[in-house]
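One-letter residues, chain by chain:
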2 protein chains.
Amino acid sequence: MSESRRLLLTLRYDGTGYHGWQVQKNGVTVQETLQNALEAVLAVRPSVTGCSRTDAGVHAEQFCCHLDTTSSIPPEKLAAALNAHLPGNMAVCGCREVSAGFHARYDCKGKTYRYQIYNSRWPNPFYDAYAWRLRSPVDMELLAASCKPFLGRHDFAGFSAAGSSVVDTVRTLSGLSAEAHEIGTGERLICLRVTADGFLYNMVRILTGTLAAVQQGKIRLEELPDILASRNRNRAGPTAPPQGLFLEKVFY
Amino acid sequence: MSESRRLLLTLRYDGTGYHGWQVQKNGVTVQETLQNALEAVLAVRPSVTGCSRTDAGVHAEQFCCHLDTTSSIPPEKLAAALNAHLPGNMAVCGCREVSAGFHARYDCKGKTYRYQIYNSRWPNPFYDAYAWRLRSPVDMELLAASCKPFLGRHDFAGFSAAGSSVVDTVRTLSGLSAEAHEIGTGERLICLRVTADGFLYNMVRILTGTLAAVQQGKIRLEELPDILASRNRNRAGPTAPPQGLFLEKVFY
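For clarity, every value in this text was computed on a predicted model and none was experimentally measured.

K.L.:
What should I look at first to understand the overall build of chain A in this one?
P.N.:
A count of helices and strands for chain A gives five helices and 10 strands. Counting the 252 residues in chain A, one finds 53% classified as buried. If you take every contact in chain A between residues at least 6 apart in sequence, the share linking residues at least 24 apart comes to 70%. Just so you have it, chain A exposes about 11,400 Å², and 49% of that area is on carbon and sulfur atoms. Seen as two clouds, the 27 positive and the 23 negative side-chain charges of chain A have centres 3 Å apart.

K.L.:
What exactly am I supposed to notice about the relation of the copies chain B and chain A here?
P.N.:
There are two copies of the chain, and a rotation about an axis plus a shift along that axis relates them. For the pair chain B and chain A, the best superposition has an RMSD of 0.0 Å and corresponds to a rotation of 180° with a translation of 0.0 Å parallel to the axis. Taken together, the turn and the small shift mark the pair as related by a two-fold rotation axis. Minimal C-alpha separation from the rotation axis in chain B is found for F126 of chain B, amounting to 5.4 Å. The fraction of interface residues of chain B whose copies in chain A are also interface residues reaches 100%, indicating that both copies meet through the same surface.

K.L.:
For this particular structure, what's the right way to read the packing of helix α3 (residues 140–147) of chain A against helix α4 (residues 203–215) of chain A?
P.N.:
Between two packed helices, what matters for the description is the angle formed by their axes and the separation of those axes. Residues and elements named next belong to chain A. Where α3 contacts α4, the two axes come as close as 10 Å, and the packing angle between them is 135°. Here α3 is positioned oblique relative to α4, judged by the angle of their axes. For the element pair α3 and α4, the recorded crossing hand is right-handed. Contacts from L142, L143, S146 and C147 of α3 reach α4 at L211, V214 and Q215. The residue makeup of the contact of α3 with α4, split by class, is five nonpolar, two polar and no charged.

K.L.:
Looking at this structure, how should I read the pattern of salt bridges?
P.N.:
Where charged atoms from two side chains of opposite charge come close, those side chains can pair. Residue and element names in this part refer to chain A. If you walk through the whole model with that rule in mind, you get 28 salt bridges over all chains. The partner of E61 in a salt bridge is R114, with the nearest N and O atoms 3.0 Å apart. Here E61, found in strand β3 (residues 59–69), pairs with R114, found in strand β5 (residues 110–119); they are 53 residues apart in sequence, far enough to count as distant. Given a relative accessible area of 9%, R114 falls into the buried group. R193 is the partner of E179 in a salt bridge, and the nearest nitrogen-oxygen pair spans 3.7 Å. With E179 in strand β8 (residues 170–184) and R193 in strand β9 (residues 187–196), the pair connects residues that are 14 residues apart, well separated along the chain. Classification of E179 as partly exposed rests on a relative accessible area of 40%.

K.L.:
Looking at this structure, I do not really get the nonpolar core. What am I missing?
P.N.:
Looking at soluble globular proteins, one finds that nonpolar side chains tend to be buried together. Ranked by size, the top nonpolar core spans 70 residues in total, and within it F63, F150, F159 and L173 of chain A carry the most contacts. With eight residues, α4 of chain A is the single largest residue contributor to this core. When sequence neighbours within four positions are dropped, the list of residues in contact with F150 of chain A reads F156, F159, L173, L176, L207, T210, L211, L224 and L228 of chain A. Within the second largest apolar cluster, 69 residues are counted, among which are L11, L207, L224 and L245 of chain B.

K.L.:
Would you take a moment to explain the interface of chain B and chain A for this structure?
P.N.:
By a widely used convention, the size of an interface equals the accessible area lost when the partners come together. The interface is formed by 26 residues belonging to chain B together with 27 residues belonging to chain A. Counting the surface lost from both chain B and chain A, the interface buries some 1,900 Å², and carbon and sulfur atoms represent 62% of this. Interface area lost by chain B to chain A is led by W122, P125 and F126 of chain B, which between them contribute 37%. Connecting chain B to chain A are four salt bridges. In this structure, the salt-bridge partner of E76 of chain B is R121 of chain A, at a minimum N-O distance of 2.8 Å.

K.L.:
What am I meant to see in the state of the cysteines here?
P.N.:
Under the definition given, this model contains zero disulfides over all chains. Here C147 of chain A stays unpaired: no disulfide links it, and the sulfur of C191 of chain A, its closest cysteine neighbor, is 13 Å away. Of all cysteine sulfurs, the one in C65 of chain B lies closest to C95 of chain B, which takes part in no disulfide; the gap is 9.1 Å. By relative accessible area, which is 10% here, C95 of chain B ends up buried.

K.L.:
Help me understand the packing of aromatic side chains, please; the structure alone is not making it clear to me.
P.N.:
Aromatic ring pairs: the centre-centre distance and the angle between the two ring planes describe each pair. The tally for this structure, following the rule as stated, stands at 21 aromatic pairs over all chains. Ring plane angle 80° and centroid distance 6.1 Å describe the contact between Y130 of chain A and F126 of chain B, whose orientation is recorded as edge-to-face. Residue Y130 of chain A is located in the loop between β5 and β6 (132–134), and its partner F126 of chain B is located in the loop between β5 (110–119) and β6 (132–134); the two belong to separate chains. Residue classification places Y130 of chain A among the buried residues on the basis of a relative accessible area of 13%. By relative accessible area, F126 of chain B is classed as buried at 12%. Centroid distance F156 of chain B to F159 of chain B: 6.3 Å. Interplanar angle 80°. Geometry classified as edge-to-face. A residue is classified by how much of its surface remains accessible, and F156 of chain B, at 0% relative accessible area, is buried.

Reading the values: rules and limits
- Residues numbered from 1 in each chain as written.
- Chains lettered and ligands numbered in written order.
- Predicted model: local features only at pLDDT ≥ 70, side-chain atom pairs only at ≥ 80, totals over all residues.
- Heavy atoms only, no water.
- Helix = DSSP H or I, 4+ residues; strand = E, 2+ residues; numbered from the N terminus.
- Buried < 20%, exposed > 50% of the residue type's maximum accessible area, 1.4 Å probe, protein only.
- Contact = heavy atoms within 4.5 Å.
- Areas by Shrake-Rupley, 256 points an atom, 1.4 Å probe, with all protein chains shown as cover.
- Lys, Arg positive; Asp, Glu negative; His and termini not counted.
- Charge placed at Lys NZ, Arg CZ, Asp CG, Glu CD.
- Least-squares fit on C-alpha atoms with pLDDT ≥ 70 in both.
- Axes fitted to C-alpha atoms, helices over the stretch in contact; angles between N-to-C directions.
- Parallel < 35°, antiparallel > 145°, perpendicular 65-115°, else oblique.
- Left-handed = near helix turned anticlockwise from the far one by under 90°.
- Nonpolar A, V, L, I, M, F, W, Y, C, P; charged D, E, K, R; others polar.
- Salt bridge = Lys/Arg side-chain N within 4 Å of Asp/Glu carboxyl O.
- Core = buried A, V, L, I, M, F, W, Y, C linked by side-chain atoms within 4.5 Å.
- Buried area = accessible area lost by both parts, 1.4 Å probe.
- Disulfide = S-S within 2.5 Å.
- Phe/Tyr/Trp six-rings, centres within 6.5 Å; stacked < 30°, edge-to-face > 60°.

Shown next, in the form of structure tokens:
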């Protein structure tokens, strides 16, 4: 036993089997699964604070959380020990000591999310839990053009799930771009990447649904600035499904 | 109803949840899942003949099978209808009429398997069901060198699981090579590709386990020709786990 230290853990998880990050009554969450492993290693059950909530089915290439411990186990050893106790769909990829005042959520300067679209006429079992399938060929030029109106500082109130209690809905998007990877004959994986100082609830999924609606001719490219300015959730596109979404990077 | 036709179906499946291709008592198989979908669409349960057996947990990017039907449904429509009835971990990616004498197994001229190795000190939830993790950095030059002795026509009796009843254990490997893809900091996906006119039971997994044993210094590169010539299963390396193996291509 020693002085209490604050540790920053970096996680990676496949969200398929989880009801998101935050502990809740109706299903297994990432947070409680991590706490189980921590308890097995440290013999106490520390509370852990995540960098954000994630929805059921959403994945993380990098998710950060902090916890306090009086254990003197070296950070590297704790990471390895946790991996020995975690299921295969979750892993610790880093652990380091941070200052006592560090906060995984409040100190987060920004995040990058990736949304994966599987573009093919046939379903693909290997992307079923990791992408949203769009059957018609995606027009990458149109996609690039429809990303532009969202860049910069805007009020994204219309791109937030109804019922959210957040008051300040202004966010700054420093990046929104799309990349297509040919992965076979007539099949492409399209990765949308969104970087912002913060995200409203379901914001990336509603953005993606809106970009898809432009592809399908349901929303015209020219309407996008007006839809954004309207702050009206009903004018934006549908909420894209959770399984295509990956939290990719957390900036401190 | 019309004359009986023979159809060649091309499947893709994530083998994680299946006890291999062939119908058996102790678990759900690919074959019976396909037959369930066929029965739902055609109202009869046709028998289907696969290009090979695959083990529990092994995946297929391309698996071929044939069946006979008196239904007059166009092949393209049958494929789409089957996909509407199949679970997300399996998909039909092609369907065409073939001659009445065509046989998915006997007419197969060769196959390519891919074995995925995830090379990193940390576990990765996204490769947990799709690769074998090797922690120590793989030496790609040594890997390329250790592939060479297996190329060409050899008796692979020592690279076959015990208990197999196959009499002729001579096979011709026309391809065995490895490719490394950097997928992040300190993490690589290494794809081994093996093409042959035919494969013995567990042959790719034993080959992979042997190549890994060379990496780990348990088998010396110079010993490989002798181990192959010995026809002794005990001299080859261990059987690599099933989840890294993908049937990638079937040649007719």
